[in-house]
Amino acid sequence: MLGTFAKSLLVGAVQKGTGVPQSGPISTALLTTGVSLLLIRGRRPVGLALATAGGLLRWYELDQERRIAATTITTPPSSGDASAAKARR
């Protein structure tokens, strides 16, 4: 159990060091559990499946964040004054 905790701390440190945004609790749990099980002989297929599922979920979360960021492009607020549109630039 202590080894699993240390491995999850290592994954968190790598995420923070590489600049990867904080992930959701489900994708984090899947990734850390999957990586932990990959290191245990006899549990590698299960660990690979969990790590893959966590990676896909994280990819989906990042895709949603990118879509939200792309749709909320900030534009200067219009004051409703038509004279600003007619002014020379």
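Notes on the structure follow. (Residues numbered from 1 in each chain as written. Predicted model: local features only at pLDDT ≥ 70, side-chain atom pairs only at ≥ 80, totals over all residues. Heavy atoms only, no water.)

**Re the pattern of salt bridges**
Next up, step 1: Summed over the entire model, instances satisfying the criterion amount to two salt bridges.
Next up, step 2: Measuring nitrogen to oxygen at the nearest pair gives 3.0 Å for the salt bridge that ties Glu61 to Arg58. A residue pair is termed a helical-turn pair when its members lie 3 or 4 positions apart in one helix, as Glu61 and Arg58 do in helix 3 (residues 44-71) at three residues.
Next up, step 3: Exposure remark for Glu61: the relative accessible area of 17% places this residue in the buried category.
Next up, step 4: Taking the shortest distance from any N to any O, the salt bridge between Arg67 and Asp63 comes out at 3.3 Å. (Salt bridge = Lys/Arg side-chain N within 4 Å of Asp/Glu carboxyl O. Helix = DSSP H or I, 4+ residues; strand = E, 2+ residues; numbered from the N terminus. Buried < 20%, exposed > 50% of the residue type's maximum accessible area, 1.4 Å probe, protein only.)

**So, helix 3**
Next up, step 1: Here helix 3 spans 40 Å end to end across 28 residues, near enough to the 40 Å set by a 1.5 Å rise per residue.
Next up, step 2: Within the sequence span of helix 3, burial applies to Gly47, Ala51, Gly54, Arg58, Glu61 and Leu62. (Expected span 1.5 Å × (residues − 1).)

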